[in-house]
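Listed here are the chains, written in short residue letters.
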Amino acid sequence: MDESSENSGTNELEALDYLRGVKSSTCLLLPTTPSPTPLDFKHPLSEEMSGPFLTLNDDPNMVNIQADVAGDSSSSGDSNSVVQDPVSAQLINNISMLDYQTLSKNGDLIMGQTEDCKLNGNHIANNRKLPSFVNWNWNVIRKVLLWIVCSCLVACLGAIIALVVTIPKECNPNLPWYQGKVFYEVFPASFKDSNHDGIGDLKGLIIKLDYIQELGASAIRLNNIYAAQKYPDQYYNITSLVEIDRSLGVLKDFKELAAEIHKRNMSIILDVPVISLAKPLSSTGNFTETLLVSDEIGKRYVDPTSAALIFWKKLGVDGFYLKGLERFVDELDFGRTLQIWKQLIANKILIASESALDKAKDDSLNVLLSRIDLIDIHLDLQEGINGLKRHIDKVIGGILWGKPHYPWVHWNIGSVENERISAKNDNNTLALTALEFVLPGTVSIFYGDEIGLGGLENVEGDFHEHKDVHNLAQMSFSDGEKPAGGILPWNGKSAVDPNYNFLKVIKEMTKVRLNTPTIYLNAIYKEGSVQKNIELRKMEGNLVVIERWFPRRNTCVFVGNFGNSSITTDLSSMFYGGTVIAGTNVSLVGQVLYFEQVTFPANSAIVLKLEK
């Protein structure tokens, strides 16, 4: 055997081993792909080639590999150069044109016939079945998946739209119902008469609930509805804390009143005179013990005040003003009693006076600060403007701002126990109301103050007969209705004619207050500490300037002139200017006011919002 033959055999084996290393299937992937032309490879040094080589395409442009190789071989005479680079490149190029389907595990080249390959049915390669998922109906699966994806996208889009639509326009702190709100205090016998006997009653109060709601009140506080001797002249001579005076109505009327108040999303608060502290059951007493049997805590106590709290709580009362609590702060059972009462009323609230706060000491003070929800503070001008400033400074600089859980302030400028504002400050009723409405905490309106109602007119010098009801003139409404049955001897005509123009101002002030966290929030709470958000600016004369602020909110400024003459001053060193949002002169609302040489009319007040 010559050298050429040996080289030819060696090259054939090398080419065969090369092709055996490539595992592929001639099974077509797509039915529309044309089958490749069978390729016939021949060794360039042999005339006929047997073996697993594929025949090259009969391309008219292709040069006869065998002839070229033979010519090259004969000319070169070098047996080691029989396989040249162009031939190898052609061989690899043709192999890369094949459609590979699968590779066998043993390394042999899989040579399948096109008729053995099925696109719709069982795919077979070397008599082996392919996985069953190949035969699934992928057209339907793709459609289902597309529908699911589109549905998810539509659902996400709908959720985003719903979130945008329902997102609150304002992000205000969520407070309990009694914090930062406006209360309306009513003496029912002087409010609205429904049965024409000359005395207001509970049914009359039900008729006027919409009127109270329109003022912006969140709660109604009822004074002295209990059975008493010579009611209402001597309403304080109570004979029972669990009975309604017949002139006001019956228990059914009270239940209806509570239901109607709650229906309007308002709360009801009741004044409860503190007759005694909680006493153990073994103590003797003349109060009905059966009222306490149904309550686990109350079973051990039989005092009138505890019984009254349990009784009215069950009838829907949301809070209690403990009248006269200051008389008991020095007793040993004071702290324990407050704890018991708070347990008896569960989630209801308790209100105490400023006097109780001032008199309580040591343990009694600690219990009061932890069990009382609101401390009632009365503001007046009896000590002049400077006295009013000192009082406000004392309160906001006192203990109530010591810890976050301490009681909030319940401000009032009129109540059943105090003289009407208009009695001595005829022209300052509206300005004082505006001042009250910018203070931190909860505020209260005494019935009639919203129209500047005065005290009783002294008729024929017999005022001493009405000394306990001197500030309880009959309420007058803007619709022109007169008190039915005429004016009773105990309840004379108001000494000051009502001013119904006040109503619009009061409603606007209430709206501004309830929608402005800078004003109604009592402090800034940060990392467990309490930081005040109010400052009473030191101003001379009758001018009062109060600044209110809160993080990420506009600062608000109150300016009130409580004198009888106008004041012109320059406040630009404190504030540049702001937009009027409320005031005694409603025509100024919305205007921009600059504080350089500004004039404030007598008995006027404005509230401005400064730019951030």
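As annotated in an unreviewed UniProt entry, the chain carries the name Glycosyl hydrolase family 13 catalytic domain-containing protein and is attributed to Arctia plantaginis.

Colleague: Would you take a moment to explain the sheet that holds strand β7 (residues 267–273) for this structure?
Modeller: Sheet strands pair via backbone hydrogen bonds, and the direction of the pair is either parallel or antiparallel. With parallel pairing, eight strands are arranged side by side around a closed barrel as β3-β4-β7-β8-β9-β10-β11-β12. Adjacent strand axes in the sheet meet at a mean angle of 25°, parallel and antiparallel pairs treated alike. Both β7 and strand β8 (residues 319–323) contribute to a ladder of five bridges, which runs parallel. Directly across from Pro273, in β8, lies its bridge partner Lys323. Helix-sheet contacts for helix α8 (residues 304–314) involve β7 and β8, and the interaxial angle to β7 is about 165°.

Colleague: I'm lost on a nonpolar patch on the surface in this one. Help?
Modeller: A surface patch of nonpolar side chains, about 490 Å² in accessible area, is lined by Val140, Val144, Leu145, Trp147 and Ile148. When you line up the elements, Trp147 lands in helix α4 (residues 138–166). Residue Trp147 is classed as exposed on the basis of its relative accessible area, which comes to 60%.

Colleague: Sorry, what's going on with the environment of Ala228 here?
Modeller: Mapping Ala228 onto the fold places it in strand β5 (residues 226–228). The exposure class of Ala228 is buried, given its relative accessible area of 13%. Spatially, the C-alpha atom of Ala228 lies 5.2 Å from that of Thr239, the residues being eleven residues apart in sequence.

Colleague: Sorry if this is basic, but what is going on with the sheet that holds strand β19 (residues 577–583) here?
Modeller: If you walk across this open sheet you meet the six strands as β15-β16-β17-β22-β19-β20, and the pairing is antiparallel. In the strand order of this sheet, the two ends are held by β15 (534–537) and β20 (592–594), each with one partner. When the angles between neighbouring strand axes are averaged without regard to direction, this sheet yields 30°. Where β15 and strand β16 (residues 543–548) come together, four bridges link them in antiparallel fashion. Following the sheet pairing, Ile534 is matched in β16 by Arg548. Relative to the sheet, helix α12 (residues 384–396) contacts β15 and β16, its axis offset from that of β15 by approximately 155°.

Colleague: Please clarify how the side chain of Ser604 should be interpreted in this entry.
Modeller: For Ser604, the location among the structural elements is in strand β22 (residues 604–609). A distance of 2.6 Å separates a polar atom in the side chain of Ser604 from the backbone oxygen of Pro601. Contacts of Ser604, omitting those with residues within four sequence positions, involve Ala431, Val559, Gly560, Asn561 and Thr584.

Colleague: Help me understand helix α7 (residues 251–263) in this model?
Modeller: Since the α-helix advances by 3.6 residues per turn, residues separated by three or four positions end up pointing in the same direction. For α7, with 13 residues, the first-to-last C-alpha span of 18 Å sits near the 18 Å given by 1.5 Å per residue. Listing the buried residues of α7 in full gives Asp253, Phe254, Leu257, Ala258, Glu260 and Ile261. Along α7, the residues classed as buried sweep out an arc of 165° about the axis, all on the same side. Of the exposed residues in α7, those oriented more than 90 degrees away from the buried face are Lys252 and Lys263. Tucked into the core, α7 has its buried residues touching α5 (202–207), α6 (209–214), β4 (219–222), β6 (238–244), β7 and α8. Directly beyond the C-terminal end of α7, a positive phi value near 60° is found at Asn265.

Colleague: Before we go on, may I ask you to explain the packing of aromatic side chains in this structure?
Modeller: Two aromatic rings, taken as a pair, are described by how far apart their centres are and by the angle between their planes. Applying the stated criterion to the full structure yields 16 aromatic pairs. Ring geometry for Phe254 and Trp312: centres 4.9 Å apart, planes at 65°, overall edge-to-face. Pair noted here: Phe254 is in helix α7 and Trp312 is in helix α8, with a separation of 58 residues, a long-range link. Residue class for Trp312 comes out buried when judged on its relative accessible area of 0%. Taking the centre distance of 5.5 Å and the plane angle of 70° together, the rings of Tyr576 and Tyr594 count as edge-to-face. Separated by 18 residues along the polypeptide, Tyr576 in the loop between β18 (567–569) and β19 and Tyr594 in strand β20 bring together distant segments of the chain. Judged by relative accessible area, which is 47%, Tyr594 ranks as partly exposed. Through a chain of ring-to-ring contacts, the aromatic side chains of Tyr184, Phe191, Tyr211, Phe446, Tyr447 and Phe477 assemble into a single cluster. Positioned over the ring face of Phe477 is Lys208, at 4.2 Å from the centre of the ring.

Colleague: I'm lost on the pairing of strand β3 (residues 182–186) in this one. Help?
Modeller: Sheet faces and side chains relate simply in a regular strand, where the side chains alternate between the two faces. With five of its five residues buried, β3 lies for the most part within the structure. Burial of β3 is two-sided: the residues Val182, Tyr184 and Val186 facing one way and the residues Phe183 and Glu185 facing the other way are all buried. Alignment of β3 against β4, held across four bridges, turns out to be parallel. Pairing of Tyr184 across the sheet is with Ile220, part of β4.

Colleague: I'm lost on unusual backbone geometry in this one. Help?
Modeller: Leaving glycine aside, a negative phi is the common case for residues, and trans is the common case for peptide bonds. Between Tyr231 and the following residue, Pro232, the backbone shows a cis peptide bond with an omega angle of 5°. Structurally, the position occupied by Pro232 is in the loop between β5 and β6. If you check the backbone angles, His196 has positive phi at about 60° while not being a glycine. Its place among the elements puts His196 in the loop between β3 and α5.

Colleague: Got a minute to help me understand the UniProt feature "transmembrane region" (unreviewed entry) in the chain in this structure?
Modeller: Following the UniProt record, the feature "transmembrane region" (unreviewed entry) maps to residues 144–165 here. Summarising residues 144–165: 100% helix, 0% strand, and an end-to-end C-alpha distance of 31 Å.

Colleague: Teacher, can you tell me more about the pattern of salt bridges here?
Modeller: Where side chains of opposite charge bring their charged atoms close, a pairing between them can arise. Taken as a whole and assessed by the stated rule, the structure comprises 14 salt bridges. Between Asp358 and Lys394 there is a salt bridge, with the nearest N and O atoms lying 3.9 Å from each other. One end of the pair, Asp358, is in helix α10 (residues 354–359); the other, Lys394, is in helix α12, and 36 residues separate them in sequence. A residue is classified by how much of its surface remains accessible, and Asp358, at 37% relative accessible area, is partly exposed.

Colleague: Would you mind going over the confidence of the model for the chain with me for this structure?
Modeller: In low-pLDDT regions, the fine details of the predicted coordinates are not to be read closely. Scored by pLDDT, the chain has a mean of 78; 70% of the residues are at 70 or more. A low-confidence stretch, residues 45–84 (pLDDT under 50), is modelled with 66 contacts involving residues beyond four sequence positions or located in other chains. Counted against residues more than four places away or in other chains, residues 96–122, with its pLDDT under 50, gives 58 contacts.

Colleague: Help me understand the side chain of Arg548 in this model?
Modeller: Along the chain, the position of Arg548 falls in strand β16. Although Arg548 is buried, it forms no salt bridge, and the closest oppositely charged side chain is Glu547 at an N-O distance of 9.4 Å. Looking at Arg548, its side chain comes within polar contact range of the main-chain oxygen of Val438, at 2.7 Å. In this structure the side chain of Arg548 is engaged in a polar contact, spanning 2.7 Å, whose partner is the backbone oxygen of Leu521.

So, how was this worked out
- One numbering rule holds for all chains: residues counted from 1, following each sequence as written.
- A pLDDT threshold of at least 70 governs which residues receive local features in this predicted model, and a stricter bar of 80 or more applies before side-chain atom pairs are shown or counted, although totals over entire chains, interfaces and linings include all residues.
- Side-chain descriptors were evaluated using all non-hydrogen atoms of the structure, hydrogens and water having been removed beforehand.
- At least two DSSP bridges between two strands are needed for those strands to be called paired.
- Segments assigned H or I by DSSP are reported as helices when at least four residues long, segments assigned E as strands when at least two residues long, and all are numbered from the N terminus.
- Geometry is summarised by axes, namely lines fitted to C-alpha atoms with helices restricted to the contacting stretch, and by angles between N-to-C directions that run from 0 to 180 degrees.
- Contact criterion: two residues are considered in contact whenever any of their non-hydrogen atoms come within 4.5 Å of each other.
- Residues enter a patch when their relative accessible area is above 30% and they make no salt bridge; the linking distance is 9 Å between like charges and 5 Å between nonpolar side chains (Val, Leu, Ile, Met, Phe, Trp, Tyr).
- Areas reported here follow the Shrake-Rupley algorithm with a probe of radius 1.4 Å; residue values treat only the protein chains shown as occluding.
- Salt-bridge detection follows one rule: a side-chain nitrogen of Lys or Arg within 4 Å of a carboxyl oxygen of Asp or Glu.
- Only protein chains enter the accessibility calculation, which uses a 1.4 Å probe; a residue is then buried when its area is under 20% of its type maximum, exposed when over 50%, and partly exposed in between.
- Between N or O atoms, a polar contact is any pair within 3.5 Å; within protein, one atom must be a potential hydrogen donor and the other a potential acceptor, and residues adjacent in sequence are included only when both atoms are from side chains.
- In this analysis, the expected span of each helix is defined as 1.5 Å times one less than the number of residues it contains.
- By construction, the arc corresponds to the directions joining the helix axis to the C-beta atoms.
- Stacked, edge-to-face and tilted labels apply to pairs of Phe, Tyr and Trp rings (six-membered ring for Trp) whose centres lie within 6.5 Å, assigned for plane angles under 30 degrees, over 60, and everything in between, in that order.
- Our definition puts a charge over a ring when NZ of Lys or CZ of Arg is within 6 Å of the ring centre and also within 35 degrees of the ring normal.
- UniProt positions are given in the numbering used here, feature names are shortened, and annotations may be inferred rather than shown by experiment.
- Per-residue confidence from the prediction method is given by pLDDT, with values spanning 0 to 100.
- Under the counting rule used here, the positive set is Lys and Arg, the negative set is Asp and Glu, and His together with the chain ends is not counted.

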